[in-house]
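# Analysis of the macromolecular model
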Amino acid sequence: MHFQVTNSPFNEEQVQLLNQLFPTLTESQKLWLSGYLAAGQSTEATDVNAPVAQGATESQAITQQSSQTPAREVTVLYGSQTGNAQTLAEELTQKLQEKNIEVTVSSLDDFKPKNIKKVQDLLILTSTHGEGEPPDNALTFYEFLYSKRAPELEDVRFSILSLGDTSYEFFCQTGKDFDQRLEELGGTRLYPRVDCDLDFEEPSAEWFEGVLNELVQSKQSNTEVGSTEGMISAPSNTSESVYTKKNPFRAEILENLNLNGRGSNKETRHLELDLEGSQLSFEPGDAVGIYPENDPVLVDNFIVEMNWNPEELITVSKDGEQQVLRDALTSTYEITNITKPLLEKLAQLTNHEELYSLLESDKSEELKAYIYGRDLIDLAREFGPWEVSANDFVQNLRKLPPRLYSIASSLTANPDEVHLTIGALRYDAHGRARTGVCSGQCAERLQPGDSLPIYIQKNSNFKLPDTLDTPVIMIGAGTGVAPYRAFLEEWEENDAEGDTWLFFGEQHFVTDFLYQIEWQKWLKEGVLTKMDVAFSRDTEEKVYVQHRMLEKGKELYQWIQAGAYVYVCGDEKYMAKDVHSALLTIFEREGGMSEAEAEVYLADMRSHKRYQRDVY
């Protein structure tokens, strides 16, 4: 290339210099120089402090400056026990990125609470655990927010999506608490809080839409409308399975075995499901969601009780989708559980005075007693006659929620399979035998060759240490031992060197020692270092896992001091609380800590992922 005054914007002196320099440049130097000059030109063009070009109007200058006002950054935080809130948070984050909105996402436990004063737009998605308590990975944030250290948040905009279950008294309580507290601290509500029941798909989608609309409008007011230069959406992972919660995979049952011996009071099923062709993947600690079906006998009895036509077509979605009534009551709607909100809705469909009386504000204890153990057949019989069409009645029912079960196998050890441990729920109440919806289906109506619609529920709150030379302590009772089978299969496949200690509890040694042969094999081979068992009905005085922990308190404390991770899986109401108390007692006894110091020590373990719980 030869520069001339006639073919360039340069003067004579500049042309001579360029003609001397340009032939000496390598191709990489020319590329670097072109990029350097382009970048400099871009910086000049976007410098809001640069003087207005000759001929530009004052209004054009103002428009240029306002278009460069930085957009507000969105922070998405989630509190999740089973993974639902986390899944929704990740889905929301992807939608925000698609709208070219700057966003960060984190669990509440991984977010430094003091940084909340730096947040601009805050979106919190949280479940509620137990009796109105925050999930484990939201405790630290929750306590900070309600402490005196919580800062004023007058520059923070926020919105809350709360997940819960209307069958619990303190429905969505954690979300309600966050919503109230953020407002008390001076935050501005970006969009109203939405409380979701177990069938949270539709209300969460409406919240997504409302929040996105508010944020997009805000972004457009701060930046030039339609300008998306330089914004890059997160790439999608094309290797992921097409099967999700919204599109479950029908997995064939390979094995369906009863793990309990003859004469046991319990029935625990071991299911092995075929995942071939699904591309579903999981890690130890994750769960499988199963979409169950109601017992067809129960469905038929309910239809007869209501005097309906089982073949009648009814509407089952806002889009107008229809199903035959019997099919809808079998696979779409919940009929075995009664909640206060459901009774309030159904009270409008009958003239029964006793139902009205039961819902009076001073009858809360009577209402709780009535709801416990009853289903829609009881309701139909006790508060009829019901002069209402099937279509109008079922619009008040909530969708049949999936059931989550901890995975009992390692994908590395069992490619294209997933194993589950399911305890069959059976009890008598109000003159009738009752059975769990999903556990009853698995125990009584499914055989090898049948199939189940399933999906994988990730659980980042219950994961093995990053390095498998770390010691682990696993505590579980009954089916709570399921994830530890997956842990040890993974341990074995990776030739892990870390020590492992299992505490297991059940009723009887002879009939209820779940996976006994496998534990003994791993003990012999050194995959499992230690095992302590508690069979509560085999001794005069009942002995549970927490008692075995206290007996081994000194050694247990030494393991924890050496960096051991502690895992607890099983019943939240009794077992998990007793184990928690036992750990605090061990810290006080063996570590010489005060009660308050023991609480802080355990909280610190939790914040560092060394104390993880999968409780229900």
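Everything that follows concerns the structure shown earlier in this document.
Since this is a predicted model, take the numbers as computed values, not measurements. What you see as residue numbers is a count from 1 along each chain, following the sequence as written. It should be noted that, the model being predicted, local features are given only for residues of pLDDT at least 70 and side-chain atom pairs only at 80 or more, the latter also being counted only at that level, while totals for whole chains, interfaces and linings use all residues. In computing side-chain values, all of the structure's heavy atoms are included and hydrogens and water are not.

### A short note on the sheet that holds strand S13 (residues 417–423)
- When DSSP finds at least two bridges between two strands, those strands are taken to pair. The helix and strand labels rest on DSSP assignments: H or I over at least four residues marks a helix, E over at least two residues marks a strand, and numbering proceeds from the N terminus. The strand order across the open sheet built from 6 strands is S12-S9-S16-S7-S8-S13, with neighbouring strands paired in antiparallel fashion. Both outer strands of the open sheet, strand S12 (403–406) and S13, are each paired with one neighbouring strand and no more. This sheet shows a mean twist of 40° between the axes of neighbouring strands, independent of strand direction.
- Taken together, the 4 bridges between strand S9 (residues 287–290) and S12 define a ladder with antiparallel strand orientation. Its bridge partner being in S12, Ala287 is matched across the sheet by Ser406.
- Any two residues whose heavy atoms approach within 4.5 Å are treated as being in contact. Where helices are involved, their axes are fitted lines through C-alpha atoms of the stretch in contact, as for all axes, and angles between N-to-C directions lie from 0 to 180°. Packed on one face of the sheet, helix H15 (residues 437–444) meets strand S7 (249–258), strand S8 (268–274), S9, S12, S13 and strand S16 (451–457) and runs near 65° to S12.

### Here we look at the pairing of S7
- Inspection of the sheet shows S7 paired to S16 by 4 bridges, in the antiparallel sense. What sits directly across from Phe249, in S16, is Ile454.
- Bridge count for S7 against S8 is 6 bridges, and the pairing is antiparallel. Its bridge partner lying in S8, Leu257 is registered against His270.

### Examining the sheet that holds strand S20 (residues 565–570)
- The strand order across the open sheet built from 5 strands is S19-S18-S17-S20-S21, with neighbouring strands paired in parallel fashion. The sheet terminates laterally at strand S19 (530–535) and strand S21 (611–615), the two strands that pair on one side only. Strand-to-strand twist of the sheet, defined as the mean angle between neighbouring strand axes without regard to direction, takes the value 10°.
- In this sheet, S19 lies alongside strand S18 (residues 500–506) in parallel orientation, the contact comprising 6 bridges. Of the residues in S19, the one forming a bridge with Gly505 is Ala534.
- Along the sheet, helix H16 (residues 482–493) makes contact with strand S17 (472–477), S18 and S20, crossing S17 at roughly 150°.
- Of the strands in this sheet, S17, S18, S19 and S20 touch helix H20 (residues 553–561), which is tilted by about 135° from S18.

### Observations regarding the nonpolar core
- Core analysis: the biggest nonpolar cluster contains 35 residues, and Phe302, Leu329, Leu343, Leu379, Trp386 and Phe393 have the highest contact counts within it.
- No other element matches the 5 residues that helix H8 (residues 296–306) contributes to this core.
- Among all residues touching Trp386, those that are not within four sequence positions of it are Met306, Leu346, Leu349, Thr350, Leu355, Leu379, Ala380 and Phe393.
- The definition of a nonpolar core used throughout is a set of buried Ala, Val, Leu, Ile, Met, Phe, Trp, Tyr and Cys residues joined through side-chain atoms within 4.5 Å. A simple rule labels every residue: compare its accessible area, found with a 1.4 Å probe on the protein chains alone, to the largest value its type can have, and call it buried under 20%, exposed over 50%, or partly exposed in between. Counting 27 residues, the second-largest nonpolar core is a separate cluster that includes Val545, Ala582, Phe587 and Ala598.

### Notes on the packing of helix H21 (residues 572–591) against helix H22 (residues 595–607)
- Put simply, H21 and H22 touch, their axes get as near as 9 Å, and they point 120° apart. The crossing of H21 and H22 is right-handed. Contact with H21, carried on its side by His580, Leu583, Leu584, Phe587 and Glu588, involves Glu595, Ala598, Glu599, Tyr601, Leu602 and Met605 of H22 and no other residues of that element.
- Considered class by class, the residues forming the contact of H21 with H22 number 7 nonpolar, 1 polar and 3 charged. In this scheme, a crossing is called left-handed if the near helix is turned counterclockwise away from the far one by less than a right angle; it is called right-handed if the turn is clockwise. Classes in brief: Ala, Val, Leu, Ile, Met, Phe, Trp, Tyr, Cys and Pro nonpolar; Asp, Glu, Lys and Arg charged; the others, Gly included, polar.

### Describing unusual backbone geometry
- Omega for the bond connecting Gly384 with Pro385 falls within 30 degrees of zero, at 0°, which places this linkage in the cis form.
- Tracing the chain through its elements places Pro385 in the loop between helix H13 (376–382) and helix H14 (390–394).
- The phi dihedral of Asp416 falls on the positive side, at around 60°, and the residue is not glycine.
- Checked against the element boundaries, Asp416 lands in the loop between S12 and S13.
- Residue class for Asp416 comes out partly exposed when judged on its relative accessible area of 40%.
- Unlike most non-glycine residues, Lys609 shows phi in positive territory, near 65°.
- Within the fold, Lys609 resides in the loop between H22 and S21.

### Some remarks on H16
- In this analysis, the expected span of each helix is defined as 1.5 Å times one less than the number of residues it contains. Taking 1.5 Å of rise per residue, the 12 residues of H16 would be expected to cover 16 Å, and the 17 Å separating its terminal C-alpha atoms lies within 8% of that figure.
- With 10 of 12 residues buried, H16 is to be regarded as a mostly interior element.
- Among all positions of H16, only Ala482, Pro483, Tyr484, Arg485, Ala486, Phe487, Leu488, Glu489, Glu490 and Trp491 are buried.
- Following H16 by one or two positions, Asp495 has its phi on the positive side, about 50°.

### Some words on H20
- Restricting attention to buried positions, one finds in H20 the residues Gly553, Leu556, Tyr557, Trp559 and Ile560. Along the long axis of H20, the arc covered by the buried residues comes to 155°, so they all point the same way. Arc, as used here, means the arc of the directions from the helix axis to the C-beta atoms.

### A short note on the environment of Ile253
- By secondary structure assignment, the location of Ile253 is in strand S7.
- By relative accessible area, which is 1% here, Ile253 ends up buried.
- Along the primary structure Ile253 and Leu271 are separated by 18 residues, whereas in three dimensions their C-alpha atoms are 7.0 Å apart.
- Contacts of Ile253, omitting those with residues within four sequence positions, involve Glu272, Leu273, Leu446, Gln447, Pro448, Gly449, Asp450 and Leu452.

### A word on the pattern of salt bridges
- Here, a salt bridge means any Lys or Arg side-chain nitrogen found within 4 Å of an Asp or Glu carboxyl oxygen. Using the criterion set out here, one finds 39 salt bridges in the structure.
- Salt-bridge contacts for Asp121 lead to Arg157; the nearest nitrogen and oxygen are separated by 2.8 Å. Placement of the pair is Asp121 in strand S3 (residues 121–127) and Arg157 in strand S4 (residues 157–163), with a sequence separation of 36 residues. Across the pair, Arg157 and Asp121 agree in class, each one buried.
- Asp165 is paired through a salt bridge with Arg398; the nearest N and O atoms lie 3.1 Å apart. Linking Asp165 in the loop between S4 and helix H6 (173–184) with Arg398 in the loop between H14 and S12, this pair joins segments that are 233 residues apart in sequence. The same class applies to Asp165 and to Arg398, which are both buried.

### Here's the deal with the side chain of Thr330
- In this structure, Thr330 sits in helix H9 (residues 325–331).
- Among the polar contacts made by the side chain of Thr330, one reaches the main-chain carbonyl oxygen of Arg326 at a distance of 2.7 Å.
- Residues contacting Thr330, with those up to four places away along its chain left out, are Glu293, Asn294, Val299 and Leu400. Side-chain atoms alone can form a polar contact between residues adjacent in sequence; in general such a contact is a pair of N or O atoms within 3.5 Å, and within protein one must be able to donate a hydrogen while the other accepts it.

### Thoughts on the pairing of S21
- Burial runs high along S21: 5 of the 5 residues are buried.
- Along S21, one buried face is formed by Tyr611, Arg613 and Val615 and the opposite face, lined by Gln612 and Asp614, is buried too.
- In terms of strand pairing, S20 meets S21 through 5 bridges, oriented parallel. Bridge pairing links Gly570 to Val615 in S21.

### Notes on the packing of aromatic side chains
- Working definition: a ring pair exists when centres of Phe, Tyr or Trp rings (six-membered ring for Trp) sit within 6.5 Å. Plane angles under 30 degrees give stacked, over 60 give edge-to-face, the rest tilted. Going through the model one piece at a time under the given rule, you end up with 29 aromatic pairs.
- Look at Phe509 and Phe535: their rings are 5.6 Å apart centre to centre, the planes differ by 90°, and that puts the pair in the edge-to-face class. Residue Phe509 is located in helix H17 (residues 509–512), and its partner Phe535 is located in strand S19; the two are separated by 26 residues in the primary sequence.
- On the basis of relative accessibility, which here comes to 38%, the residue Phe509 falls in the partly exposed class.
- Using a relative accessible area of 9% as the deciding quantity, one classes Phe535 as buried.

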